[in-house]
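This is what each chain is made of:
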Amino acid sequence: MTFTIARFVSLGLSAGASKTSLRFFTPARPRCINIHSLSRPIRTSPRRSYTTTVTAKSFGSVFAFAVITGGASLVFGALARSRDTGSPNTTVEAIVPQTGSEPTCNLVKALEDLQTEFPDSSVVSTDPDELYAYAQSSYSQFVGSPHTIVVHVRSTEDVVKVVKISKRYLVPIVPYSGGTSLEGNLSAPPSGSICVDLSGLDKILAINESDADVVCQAGVTWNRLNETLKEKGIPLFFPLDPGRDATIGGMIATGCSGTNAVKYGTARGEWILNVTVVLPSGEVIKTRQRARKSSAGFDVTKLFIGAEGTLGIVTEATLRLAPLLPTSVAVAQFPDIRHATNAVCDILNHGAALQCVEIIDELAIKVLNQFGTSARKWPEKATLFFKFQGSDDSIMETSRYVESAIAKHGATDYRLASNEQESEDIWQERRNALFASLAYRPGCKGWITDVCVPVSRLPDLISAAKQDFEELGLVAPIAGHVGDGNFHALVLYADEEELALVREAVSRINRKAIELEGTCTGEHGVGTGKRDYLLTELGEGTVALMRTIKQTLDPHNLFNPGKLYPDVLPPPDTNALTEGHVMSDSTPTNKS
């Protein structure tokens, strides 16, 4: 099964829990998602205006599903037939195996309790279109398995209600906020799941201009936050800039970064001052106060950054803001990637005031020229895009230094934008690289890589990747954040035969990045797509510690199971029509 994007466009409690609550397995290989060649850089949200008429009783009588491994899907044929005939009470035998002594995941009772807690029919959904849509990502190359229930929450208190029901009936929970992740982060486990839709938590709660920070809910997107600050005339911005319409919750969950990372760092820096988190127990914690710094214990906030919703569900965050300074853009061409990268190392090590420095290879330049959105034709060489920041005098001084420094590395055709509009036009070329690449082979699909190495090793990694692409006969334009040693190749393929070659190439690139003291995932997270590389990258001791933390906080493995940890099995298939193993709700909810 494949999913075409028409318009292209984010967590138990017993420390003594038995280790049998975590299982080990080799995951099935998921299939790639189609990325349509005519995609536009606009987010397509799942449909959110609907009315569901399915009751817990009718749901229980028709809830039949089959699990198809490797790009799995839940088949709601019985539910569809029930709607077609107008009879909501058609009885269908559940095709779900028993699990022996394991507690039963009682989805029907969970649905009944959710509908009692949220009587508004727009909150709890069992619509098959919703269940499928909220398991997918706009960008992902993996097809997600549909959820069993979707709950559209509007507050931290709503999340607590859902988590307590999840705990009561041992139903897994998968958080969703922006739907822009890439590594299969949103898929349901085989047992079925409740998807907690956080996109409705979209309020900016407080802007503290004097302190240069903002308090917002998890569903706020970074670009809307910055647009709001601009509209209010506040000369501050949030500098983390992953894919457009990424939400704050998702950015925290995946440990994101973006083009600004060369100057401002990543989500793992000091930009997330605190988070409000709902734990698997249903308890609510706030990780620290709003002060810029604190030495009160270890940094609990960072425990949830990059945890991908496996340890807790982030519902609010306090974010640090940066001054919004004037910028200008410059561009230059180089003989090859190595010359361009050496120039960047030279510039950065001399302290030049760069906000961004991006690289595009000669193939990506070729497809940009063919794409035809620019009035100019770029020389088909490795190209660097610079963004300078500061006063006019500072920008001019930096530009003169950069032009002089890169000349020693073979740079040609250096050009500094003459005004704001030209800066925007040049930078738009960098933004268009992905869409131009998709259009290069009409009807093709694409797999986006994400690896990062020490900056000086980037030429070695890109050279090895290019050699692999050539050997395997693949077309893969490259663009990346050269100032961080992070690059992305969009590997194009037209059929299943080419897809097998793409998987081989991607695997080689990931292994090579780790060999070069780097990472298989620079900024896109792990999800299901990168789990198998973590033991090699991090080592058994580090991964074992991660497992221990997960098991301590989530002993039943209910929060986003099957993601991140390389060998922790999601809950098995269970009989949805039998009485569940009911857990106590005795743990109090403490807000802090």
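Residues numbered from 1 in each chain as written. Predicted model: local features only at pLDDT ≥ 70, side-chain atom pairs only at ≥ 80, totals over all residues. Heavy atoms only, no water.

Trainee: Is there a simple way to explain helix H3 (residues 107–117) in this structure?
Mentor: Those residues of H3 that fall on the buried side of the exposure criterion are Leu107, Val108, Ala110, Leu111, Asp113 and Leu114. For H3, the N-terminal cap is asparagine 106; the gap from its side-chain oxygen to the backbone nitrogen of valine 108 is 3.4 Å. (Buried < 20%, exposed > 50% of the residue type's maximum accessible area, 1.4 Å probe, protein only. Helix = DSSP H or I, 4+ residues; strand = E, 2+ residues; numbered from the N terminus. Polar contact = N/O pair within 3.5 Å; in protein donor to acceptor, adjacent residues only side chain to side chain.)

Trainee: I tried to follow the side chain of glutamine 355 on my own but got confused; where do I start?
Mentor: Structurally, glutamine 355 can be placed in strand S15 (residues 354–360). Its relative accessible area of 6% is what places glutamine 355 among the buried residues. Of note is the side chain of glutamine 355, whose polar atom sits 3.0 Å from the side chain of glutamine 389.

Trainee: I would appreciate a short explanation of the pattern of salt bridges in the present structure.
Mentor: For side chains of opposite charge, pairing can occur when their charged atoms come near one another. Summed over all chains, the structure comprises 25 salt bridges. Residue arginine 290 pairs with aspartate 211 through a salt bridge whose shortest N-O separation is 3.0 Å. Placement of arginine 290 in the loop between strand S11 (284–286) and helix H9 (301–304) and of aspartate 211 in the loop between strand S7 (204–208) and strand S8 (213–217) is noted, with a sequence separation of 79 residues between them. The exposure class of arginine 290 is partly exposed, given its relative accessible area of 34%. Exposure remark for aspartate 211: the relative accessible area of 38% places this residue in the partly exposed category. Arginine 431 is the salt-bridge partner of glutamate 424, the closest N and O atoms lying 2.8 Å from each other. With a relative accessible area of 36%, glutamate 424 lands in the partly exposed category. Three or more residues are tied together by salt bridges with common partners; here these are Arg338, Arg457, Asp460 and Glu517. (Salt bridge = Lys/Arg side-chain N within 4 Å of Asp/Glu carboxyl O.)

Trainee: Could you clarify how one ought to interpret the nonpolar core in this entry?
Mentor: In this structure, Leu384, Phe386, Ile406, Phe469 and Phe487 are the most contacted members of the largest nonpolar core, which totals 46 residues. In contact with phenylalanine 487, not counting residues within four places along its chain, are Thr449, Asp450, Val451, Leu458, Leu461, Ile462, Ala465, Ile478, Ala479, Gly480 and Ile509. In this structure, Val220, Ile234, Leu236 and Ile285 belong to the second largest nonpolar core, which totals 40 residues. (Core = buried A, V, L, I, M, F, W, Y, C linked by side-chain atoms within 4.5 Å. Contact = heavy atoms within 4.5 Å.)

Trainee: Looking at this structure, I do not really get the sheet that holds strand S4 (residues 149–152). What am I missing?
Mentor: Strand pairing in a sheet is mediated by backbone hydrogen bonds. Such pairs are either parallel or antiparallel. Taking strand neighbours across the sheet as the criterion, the four strands line up as S3-S4-S6-S5 in an open arrangement whose pairing is mixed. Because the sheet does not close on itself, it has two edges, and the strands there are strand S3 (124–125) and strand S5 (173–176). In the packing of H3 onto the sheet, contacts are made with S3, S4 and strand S6 (194–197), and the angle to S4 comes to roughly 20 degrees. (Pairing = 2+ DSSP bridges. Axes fitted to C-alpha atoms, helices over the stretch in contact; angles between N-to-C directions.)

Trainee: It is not clear to me how the environment of tryptophan 447 should be interpreted in this structure. Could you clarify?
Mentor: In this fold, tryptophan 447 is placed in strand S18 (residues 445–448). Taking the C-alpha atoms as reference points, tryptophan 447 and leucine 492, separated by 45 residues in sequence, lie 6.6 Å from one another.

Trainee: In this structure, what is going on with helix H12 (residues 392–407)? I would like to understand it.
Mentor: Relative to the 22 Å expected for 16 residues at 1.5 Å per residue, H12 spans 23 Å between its end C-alpha atoms, a close match to the ideal helical length. All of the buried residues in H12 are Ile395, Thr398, Ser399, Val402, Ala405 and Ile406. Buried residues along H12 cover an arc of 135 degrees about the axis, so they all sit on one side. In this structure, H12 carries Asp393, Glu397 and Arg400 as exposed residues pointing more than 90 degrees from its buried face. (Expected span 1.5 Å × (residues − 1). Arc of directions from axis to C-beta.)

Trainee: Explain the packing of aromatic side chains to me, please; I cannot follow it from the model alone.
Mentor: By convention here, two paired aromatic rings are described through the distance between centres and the angle between planes. All chains considered together, the criterion is met by six aromatic pairs. Taken together, a centroid distance of 5.4 Å and an interplanar angle of 80 degrees make the contact between phenylalanine 142 and tryptophan 447 edge-to-face. With phenylalanine 142 in the loop between helix H4 (128–133) and S4 and tryptophan 447 in strand S18, this residue pair connects regions lying 305 residues apart in the sequence. The exposure classification of phenylalanine 142 matches that of tryptophan 447, with both residues buried. (Phe/Tyr/Trp six-rings, centres within 6.5 Å; stacked < 30°, edge-to-face > 60°.)

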